Amino acid sequence: GLLGILILNPLMYKLEMKIFAGSTTHQFTGGANLISAVLVLAIMILPTVINISEASLRAVPKHLKSASLALATHIQTIFKVIVPAAHSGIITAVVLGCGRAIGEAMAISLVSGSSVNLPLPFNSVRFLTTAIVAEMSYSEGLHREVLFTIGLVLFVFIMFINTVLSRMFVKEGGANDR
């Protein structure tokens, strides 16, 4: 989040100034916008996805690689043997990365502007997790209930993503086992 504020937001502001140079209706955000938040999230989850995927690719047994290399090229071995054998680990990496991205609040609140607007690329926006973090300390009554409901919505969304990806994995795994 700090690197996003120091590096990404000034670059996005320069881009915003060039794109909306003659506009009288655009509300300039100083680079704190939806695009900045998405880029920071993508950069933040990449190490998780890459490390877990790499570990699952390295865990493929050597005898599978050797047998395939005796009969096929290196590229064919990678795409026909190694990646399918590491498929569950790669899907796990993507699921964990998505969960981390959905739950991230602090870095997003730093680079997104935390302003309630229509989520357009160059608008300052407020994410659901950011709303919980920003407002929980002073909320009470109905306001607090709404924040807990936002948390419930996020929970249901993560469960939905996990269920969909699990079913996709079971279907693909079943097709590969035949």
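If you're wondering where the values come from, they're calculated on a predicted model, not measured in any experiment.

Q: Whenever I open this one, the overall build of the chain confuses me. Can you help?
A: From N to C terminus, the chain includes eight helices and zero strands. Going from the N terminus to the C terminus, the chain shows its helices and strands as α-α-α-α-α-α-α-α. By the compact-globule yardstick of 16 Å for 178 residues, the chain is too spread out, its C-alpha radius of gyration being 22 Å. Along the three orthogonal principal directions, the C-alpha set of the chain runs to about 65 × 45 × 25 Å. Burial status across the chain gives 29% buried among its 178 residues. Long-range pairs, those at least 24 residues apart, make up 60% of the contacts in the chain with a sequence separation of at least 6. Entry remark: accessible area of the chain is about 11,400 Å², with carbon and sulfur atoms responsible for 71%. On the chain, the mean spot of the 12 positive side-chain charges and the mean spot of the 8 negative ones are 13 Å from each other.

Q: Which parts of the structure should I look at to understand the confidence of the model for the chain?
A: Detailed conclusions should not be drawn from predicted coordinates in areas where pLDDT is low. When pLDDT is averaged along the chain, the result is 87, and 96% of the positions lie at 70 or above. Predicted confidence in the chain is weakest over helix α8 (residues 142-177), with a mean pLDDT of 81, and strongest over helix α4 (residues 74-85), with 93.

The rules behind each value
- Residues numbered from 1 in each chain as written.
- Predicted model: local features only at pLDDT ≥ 70, side-chain atom pairs only at ≥ 80, totals over all residues.
- Heavy atoms only, no water.
- Helix = DSSP H or I, 4+ residues; strand = E, 2+ residues; numbered from the N terminus.
- Rg over C-alpha atoms; globule rule 2.2 N^0.38 Å.
- Buried < 20%, exposed > 50% of the residue type's maximum accessible area, 1.4 Å probe, protein only.
- Contact = heavy atoms within 4.5 Å.
- Areas by Shrake-Rupley, 256 points an atom, 1.4 Å probe, with all protein chains shown as cover.
- Lys, Arg positive; Asp, Glu negative; His and termini not counted.
- Charge placed at Lys NZ, Arg CZ, Asp CG, Glu CD.
- pLDDT = per-residue confidence, 0-100.

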